[in-house]
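# Structural characterization, general
The primary structure of each chain is shown beneath.
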Amino acid sequence: MIETRSETDSLGEIRVPADKLWGAQTQRALEHFRAGNDLMPLPLIMAYATLKKAAAEVNHAGARLSDRQHRFIVQVCDEILSGQHQDQFPLPVWVSGSGTQLNMNLNEVISNRCCQLVGTALGAKEPVHPNDQVNLSQSSNDTFPSAMCIAAATATVQDLLPSVRALRDALDAKAEDWEAIIKIGRTHLQDATPLTLGQEFSGYAGMLDEAVGWIEQALASVYRLALGGTAVGTGINAAPDFDVEVAAAIAQLTGLPFVTVANKFTVQGAHDALVQLHGAFKTLAVALFKIANDIRLLASGPRCGLAELHIPANEPGSSIMPGKVNPTQCEALTMIAAQVMGNDVAVGIGGGGGHLEMNAYKPLMIFNVIQSARLLTDGCRNFRVFLVEGSEPNATRIASFVERSLMLVTALSPVIGYDKASEVAHYALDHDMTLREAALTLGVVNADELDRLLKPAKMAHPHLSED
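Heads up: these notes are all about the structure in this document. (Residues numbered from 1 in each chain as written. Predicted model: local features only at pLDDT ≥ 70, side-chain atom pairs only at ≥ 80, totals over all residues. Heavy atoms only, no water.)

### Comments concerning the overall build of the chain
- Of regular secondary structure, the chain possesses 18 helices and 10 strands.
- Taken over C-alpha atoms, the radius of gyration comes to 30 Å for the chain, far larger than the 23 Å a tight globule of 467 residues would show.
- When the backbone C-alpha atoms are referred to their principal axes, the chain occupies close to 100 × 50 × 35 Å.
- Counting the 467 residues in the chain, one finds 51% classified as buried.
- Sequence separation of 24 or more characterises 71% of the internal contacts of the chain that already satisfy a separation of 6 or more.
- Summing over all exposed atoms, the chain offers an accessible surface of approximately 21100 Å²; the carbon and sulfur share of this is 54%.
- When the 35 basic and 51 acidic side-chain charges of the chain are each reduced to a single mean position, those positions are 3 Å apart. (Helix = DSSP H or I, 4+ residues; strand = E, 2+ residues; numbered from the N terminus. Rg over C-alpha atoms; globule rule 2.2 N^0.38 Å. Buried < 20%, exposed > 50% of the residue type's maximum accessible area, 1.4 Å probe, protein only. Contact = heavy atoms within 4.5 Å. Areas by Shrake-Rupley, 256 points an atom, 1.4 Å probe, with all protein chains shown as cover. Lys, Arg positive; Asp, Glu negative; His and termini not counted. Charge placed at Lys NZ, Arg CZ, Asp CG, Glu CD.)

What follows is the structure, given as structure tokens:
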């Protein structure tokens, strides 16, 4: 039998495991919401602890908390932020859409840990009451959206953006290294005119530059906090200027430019900033999907595919075919991208789920935002370390394709005309010739003119002088 203790809330008495720091409202949530294995994300817990610490600082400065209450609340918040008490936050994602249970989970754990520190009984609510002191000047309806924004911004700035930038830099380094390698371009998966392998990879780096820019733009709205709006946005039971002061305290604690939002009715009734942020995540996912699939094609082979890239052999590729190497990092990244695209649907539906003064899909939204940020962070790192940085061009294969490409005929078109150039290309294909052989056989241009026109490097840089 599990040893229990009695705790009370507005609905009366309930038994709580004796060794747990949570209280009555958390226990009721555990008994009434049992769905799946998804717990409230740890970054959200950390964001809430930051928020509670900042609120205690501001309330103490305003003489609404005693020195003793302030000291204990801050101490417990620091313990949580250092990684302690993580097992005291057991709530599933799939609870009330307001997130009230998680707010009370934090309030109760902080209160009961304060009881431990002074030696009073758990549940005594002395020296710190979970509602009257820990939750002072707050409501679940303004703290949960604020914690969502803190968690999302922190995960994005500290983890995701550095990971994306590192991948972007790795792709850009390859672009510079491979700038002189002439290869055949492809459109519709068919041969096209030449470009350099560096130019191709510069496109990938540029896609990530744009993705980073869109994420940074979206963050501007995420930095605006609802805290201070309390129940419906009016700020009832919050002290004057609490909203401004607590946002400044959170900014100091996180090093991020959080401010109070001017219209709290906007950010409590809707969470469009997170919809926009995750939309930028989706755009990044789309870019990564494209990049990974392109590299998967370029590395196909090693003898019967394009085989223009040699990618690292990280693990055996088959349980039956010895020596096989598969583009597993491409596969992992594209699956991550697909998951993020799916998450975006859930975030969009959740964002539209507000009714009047409160959105009731908060846990769903932040669960998907945090999951996407984590997946994209890890996916970009793995793709960079285990694929991009170790990839090398197959110079022999690339040169062979350039030599046999029919689309070099594009350079002849201005001289002999489109129709005659098309005839040369078809003749070369039908007779398994190079373009040069076909042009000379048909007599449409002499050898000296061919030497002048059929310069793949010039075709990749058509506006550069030949000097």
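### Re the nonpolar core
- Ranked by internal contacts, the top residues of the largest apolar core, which has 110 residues, are Phe201 and Phe383.
- When near neighbours in sequence (up to four residues on either side) are disregarded, Phe201 contacts Leu171, Lys174, Ala175, Trp178, Ile295, Leu298 and Leu309.
- Counting residues in each nonpolar core, the second largest holds 21 residues, with Leu412, Ala421, Val424 and Ala438 among its members. (Core = buried A, V, L, I, M, F, W, Y, C linked by side-chain atoms within 4.5 Å.)

### Focus on the side chain of Glu108
- As for its position among the elements, Glu108 is in helix H4 (residues 100–118).
- Within the buried core, Glu108 has no salt-bridge partner, and the shortest N-O distance to an opposite charge, that of Lys125, equals 7.1 Å.
- Here the side chain of Glu108 touches Ala24 through a polar contact of 3.4 Å, landing on its backbone nitrogen.
- Among residues more than four places away in sequence, those in contact with Glu108 are Leu21, Trp22, Gly23, Ala24, Gln25, Thr26 and Pro130. (Salt bridge = Lys/Arg side-chain N within 4 Å of Asp/Glu carboxyl O. Polar contact = N/O pair within 3.5 Å; in protein donor to acceptor, adjacent residues only side chain to side chain.)

### Here we look at the packing of helix H7 (residues 197–222) against helix H10 (residues 272–298)
- In contact at an axis separation of 8 Å, H7 and H10 are set at 170 degrees when each is read in the N-to-C sense. On the basis of the axis angle, H7 is roughly antiparallel to H10.
- A class-by-class count of the residues in the contact of H7 with H10 yields 21 nonpolar, three polar and three charged. (Axes fitted to C-alpha atoms, helices over the stretch in contact; angles between N-to-C directions. Parallel < 35°, antiparallel > 145°, perpendicular 65-115°, else oblique. Nonpolar A, V, L, I, M, F, W, Y, C, P; charged D, E, K, R; others polar.)

### What about the packing of aromatic side chains?
- For the coordinates displayed, the defined rule picks out five aromatic pairs.
- An angle of 70 degrees between the planes, with centres 5.1 Å apart, marks the rings of Phe201 and Tyr204 as edge-to-face. Of this pair, Phe201 and Tyr204 both sit in helix H7, three residues apart, which is roughly one turn of the helix. The exposure classification of Phe201 matches that of Tyr204, with both residues buried.
- With a centroid separation of 5.4 Å and an interplanar angle of 85 degrees, the aromatic rings of Tyr223 and Phe258 are classed as edge-to-face. Of this pair, Tyr223 sits in the loop between H7 and strand S5 (224–225) while Phe258 sits in the loop between helix H8 (242–254) and strand S6 (259–260), placing them 35 residues apart in sequence.
- Classification of Tyr223 as buried rests on a relative accessible area of 12%.
- Assessed through its relative accessible area of 3%, Phe258 is described here as buried.
- Ring-pair connections join several aromatic residues into one group, and the members of that group are Trp178, Phe201 and Tyr204. (Phe/Tyr/Trp six-rings, centres within 6.5 Å; stacked < 30°, edge-to-face > 60°.)

### Details of the packing of helix H2 (residues 42–61) against helix H3 (residues 67–81)
- As a packed pair, H2 and H3 sit with axes 9 Å apart at the nearest point and diverge in direction by 160 degrees. Regarding the angle of H2 to H3, the classification is roughly antiparallel. Here the hand of the crossing between H2 and H3 comes out left-handed. Here H2 contributes Ile45, Met46, Ala49, Thr50, Lys52, Lys53, Ala56, Glu57 and His60 to the contact with H3, which in turn contributes Asp67, His70, Ile73, Val74, Cys77, Asp78, Ile80 and Leu81.
- Taken together, the residues that form the contact of H2 with H3 break down as nine nonpolar, three polar and five charged. (Left-handed = near helix turned anticlockwise from the far one by under 90°.)

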